[in-house]
Amino acid sequence: MIMTTTSSLEGKPVEEYLDIVVGEAIVGVNVFKDIFAAITDIVGGRSGSYEGEMARAREIAFAEMKQAATYLGANAIIGVDIDYEVISGKGNMLIVSVSGTAVRV
């Protein structure tokens, strides 16, 4: 499945616009990851635990979006948008939402 953030694919004209497709993933970050992230925040550096959770959520969201596009008979998704949010009062839930237009090229 071809995916792009652009509104077209160079050299591949869109034959049919099928529908908007989305994928969403919400993952919880446990207390141990919060503790290690807090330590990283104090001493500096990157938080591997949070990065890993974000990558996992992104993979799930993209897989859901691809599945929805495949179901429609698409062979590409154009105009892909990726959004990241932290939800819940304590900030321990991450949501990744992806959307795009399923097309046949």
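Residues numbered from 1 in each chain as written. Predicted model: local features only at pLDDT ≥ 70, side-chain atom pairs only at ≥ 80, totals over all residues. Heavy atoms only, no water.

*Asks:* Go over the overall build of the chain, please, and point to the residues and values.
*Replies:* Along the chain, the regular secondary structure elements total two helices and four strands. Secondary structure elements of the chain, listed N to C terminal, follow the sequence β-β-α-α-β-β. Counting every position in the chain, which comprises 105 residues, the buried fraction comes to 27%. Long-range pairs, those at least 24 residues apart, make up 76% of the contacts in the chain with a sequence separation of at least 6. Accessible area of the chain: about 6,600 Å², with a carbon and sulfur share of 55%. (Helix = DSSP H or I, 4+ residues; strand = E, 2+ residues; numbered from the N terminus. Buried < 20%, exposed > 50% of the residue type's maximum accessible area, 1.4 Å probe, protein only. Contact = heavy atoms within 4.5 Å. Areas by Shrake-Rupley, 256 points an atom, 1.4 Å probe, with all protein chains shown as cover.)

*Asks:* Please set out the confidence of the model for the chain residue by residue, giving values where relevant.
*Replies:* Parts of the model with low pLDDT should not have their predicted coordinates read in detail. Averaged over every residue, the pLDDT of the chain is 83; residues scoring 70 or more account for 75%. Put simply, helix α1 (residues 31–43) is where the chain has its lowest mean pLDDT, 47, and strand β1 (residues 2–3) is where it has its highest, 95. Here residues 31–37 is modelled with pLDDT under 50, and outside its nearest four sequence neighbours on either side it reaches eight contacts, counting other chains as well. Within the model, pLDDT remains below 50 along residues 39–43, and this stretch shows three contacts once partners closer than five positions in the same chain are excluded. (pLDDT = per-residue confidence, 0-100.)

*Asks:* Tell me about the environment of V96, residues and numbers included.
*Replies:* Within the secondary structure, V96 is located in strand β4 (residues 93–104). By relative accessible area, which is 1% here, V96 ends up buried. Through-space distance from the C-alpha of V96 to that of A25 is 5.4 Å; in sequence the pair is 71 residues apart. Contacts of V96, omitting those with residues within four sequence positions, involve G23, E24, A25, M54, A57, R58, A61, I82, D83 and Y84.

*Asks:* Could you give an account of the sheet that holds strand β3 (residues 76–87), with specific residues and numbers?
*Replies:* Ordered in space as β1-β3-β4-β2, the four strands form an open sheet in which the pairing is mixed. Two strands bound the open sheet, and with one partner strand each, they are β1 and β2 (16–28). Judged from the 12 bridges that link them, β2 and β4 form a sheet pairing that is antiparallel. Across the sheet, G23 pairs through a bridge with V98, a residue of β4. (Pairing = 2+ DSSP bridges.)

*Asks:* Just give me the short version of the environment of A55, but keep the residues and values in it.
*Replies:* Structurally, the position occupied by A55 is in helix α2 (residues 48–72). Taking relative accessible area as the criterion, A55 reaches 21% and is therefore assigned partly exposed. Considered as a pair, A55 and V96 are 41 residues apart in the sequence and their alpha carbons are 9.3 Å apart.

*Asks:* Requested: an account of the side chain of T4, with residues and values cited.
*Replies:* As for its placement among the helices and strands, T4 is situated in the loop between β1 and β2. A polar side-chain atom of T4 sits 2.9 Å from a polar atom in the side chain of T6. Setting aside residues up to four positions removed in sequence, T4 forms contacts with L9, I77, I78, G79 and V80. (Polar contact = N/O pair within 3.5 Å; in protein donor to acceptor, adjacent residues only side chain to side chain.)

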